[in-house]
Amino acid sequence: MAKCSLCDRDAVYCPRYEGRCYCREHFVKWFEGKVRKTIRKFSFFGKEEHIVVATSGGKDSLAALYFLHKLSRRVPGWKISALLIDEGIKGYRDEAIKDFLRVVERLGVDYKIVSFKEEIGYSLDELVQMGYERGLPYKPCTYCGVFRRYLLNKHARELGGTVLVTAHNLDDVVQTFLLDLYRGDVKKIPRLGPVTGVSSHPKFVRRVKLFYEVPEKEVTIYALLNDVYPSTFVECPYARFSPRWQIRSFINRMEELYPGSKYSLLKSLLALVDALKEKYRERPRTCKICGEPSSGEICRACQLKMELGILDVKL
Ligand code: SF4
Ligand code: ZN
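In this text, all values refer to a predicted model and were calculated from it rather than measured experimentally.

The rules behind each value
- Residues numbered from 1 in each chain as written.
- Chains lettered and ligands numbered in written order.
- Predicted model: local features only at pLDDT ≥ 70, side-chain atom pairs only at ≥ 80, totals over all residues.
- Heavy atoms only, no water.
- Helix = DSSP H or I, 4+ residues; strand = E, 2+ residues; numbered from the N terminus.
- Rg over C-alpha atoms; globule rule 2.2 N^0.38 Å.
- Buried < 20%, exposed > 50% of the residue type's maximum accessible area, 1.4 Å probe, protein only.
- Contact = heavy atoms within 4.5 Å.
- Areas by Shrake-Rupley, 256 points an atom, 1.4 Å probe, with all protein chains shown as cover.
- Lys, Arg positive; Asp, Glu negative; His and termini not counted.
- Charge placed at Lys NZ, Arg CZ, Asp CG, Glu CD.
- Disulfide = S-S within 2.5 Å.
- Domains from an automatic or database assignment.
- Buried area = accessible area lost by both parts, 1.4 Å probe.
- Axes fitted to C-alpha atoms, helices over the stretch in contact; angles between N-to-C directions.
- Parallel < 35°, antiparallel > 145°, perpendicular 65-115°, else oblique.
- Left-handed = near helix turned anticlockwise from the far one by under 90°.
- Nonpolar A, V, L, I, M, F, W, Y, C, P; charged D, E, K, R; others polar.
- Donors = N, O, S within 2.8 Å, 3.2 Å for Na, K, Ca; no water.
- Tetrahedral: all angles 85-135°; square planar, octahedral: opposite > 155°, others 65-115°.
- Near = heavy atom within 4 Å.

## As for the overall build of the chain
Regarding its fold elements, the chain presents 11 helices and eight strands. What you see for the chain is a C-alpha radius of gyration of 20 Å, in line with the 20 Å of a compact globule of 315 residues. Taken along its principal axes, the extent of the C-alpha atoms in the chain is 70 × 40 × 40 Å. Expressed as a percentage of its 315 residues, the buried residues of the chain come to 50%. Partitioning the contacts of the chain with sequence separation of at least 6, the portion at a separation of at least 24 is 69%. Only carbon and sulfur atoms are counted for the fraction: they give 52% of the accessible area of the chain, which is about 15,900 Å². Distance between charge centroids for the chain: 4 Å, based on 54 positive and 39 negative side chains.

## Brief notes about the state of the cysteines
Enumeration over the complete set of coordinates arrives at one disulfide. Sulfur of Cys7: no disulfide; nearest cysteine sulfur belongs to Cys23 and is 3.7 Å away.

## Quick notes on the domain arrangement of the chain
The domains assigned to the chain are domain 1 (1-38) and domain 2 (42-280). On a C-alpha basis, the centres of domain 1 and domain 2 stand 25 Å from each other. Taken together, the contacts link 15 residues of domain 1 with 24 residues of domain 2. The largest per-residue losses of area from domain 1 upon contact with domain 2 belong to Tyr17, Phe31 and Thr38, which jointly make up 36% of the total buried on that side.

## Some words on the packing of helix 6 (residues 140-158) against helix 11 (residues 300-308)
Working note: a packed helix pair is described by the angle between its axes plus the distance between those axes. Contact geometry for helix 6 and helix 11: axes closest at 9 Å, N-to-C directions at 135°. Between helix 6 and helix 11, the interaxial angle falls into the category oblique. When you trace helix 6 past helix 11, the crossing you get is left-handed. Each of Thr142, Tyr143, Val146, Phe147 and Tyr150 in helix 6 lies in contact with helix 11, whose residues at this interface are Arg300, Ala301, Leu304, Lys305 and Leu308. Here the contact of helix 6 with helix 11 is composed, by residue class, of seven nonpolar, one polar and two charged.

## Comments concerning the coordination of the zinc ion (ligand 2)
Within the protein, the atoms that donate to the zinc ion (ligand 2) are Cys287 (SG), Cys290 (SG), Cys299 (SG) and Cys302 (SG), at distances of 2.2 to 2.4 Å. Taken together, the four donor atoms coordinating the zinc ion (ligand 2) span angles of 105 to 113° at the metal, a pattern that classifies the geometry as tetrahedral. Overall, Cys287 belongs to the buried group, its relative accessible area being 3%. Owing to a relative accessible area of 2%, Cys302 belongs among the buried residues under this scheme.

## Quick notes on the site of ligand 1
As a matter of local geometry, ligand 1 sits amid Leu124, Cys141, Cys144, Arg148, Cys236, Tyr238 and Ala239. Among the elements that make up the shell around ligand 1, the one with the highest residue count is helix 6 (three residues).

Following this line, the structure appears as structure tokens:
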């Protein structure tokens, strides 16, 4: 078994792109130091913040909550809350909510659970079925992503949050980057920066991607070592309908063959975000139906509701 490069204990992880190994204790120190460096580099937080962590009950967001709760003990001006959106995916989110409750109770963090059913009127399972019956061209992840983003922003603001943290990791970010490239969706690339929504609309809560520079595998190990890894691992039943699956296997294969590939993709992404942010700067407006921030006259959530026949408005 490999030994830690910093002491003589057995290693739990050897990042190939670094050529070193870490035992449990040094892994945690190295991981937390890396995330703190990202926080400083991209100026994620100020001294006074109400940090709302978007928590799904999965390993990444529970690790983000655990990490920020631990860090907040050193920053007196920080308050941490957790916000969970229950989309209503049978056999999937219900399990994740149990893990979420176990962790928030253990940490003593304030939390709020908001459901699609109460807010939109239907669960995601019902919305997917309705969209299918109406012949709409969208995949389940479209309904899920649009309504989840909408509710996260609205409820983070209502909680008094000054910043909304998502647990997007390096893998998520570079996968979305390649997906945007494959779809020719170049306009969306600036949204993949580490911080978004800075003073773009008074109702928009600034968003940061906490694990922007950390590979998914490392977040998984951190969650396991700190006992916040979900007790039951269930994959979302809709995930296989997304092209992200193919992109994910491709990127992982490249990383295996050429260690450091994910970081190279991130470097290209950051250069593009910088080059394109002025060209595609979004000037959010206010949705004339619901009053939330929107890129057009009507926000994407209200548009989808109209297409699904659950919002009847005369414009
Ligand atoms: Fe939602 Fe798609 Fe993720 Fe499932 S895989 S939780 S439907 S975004
Ligand atoms: Zn709207």
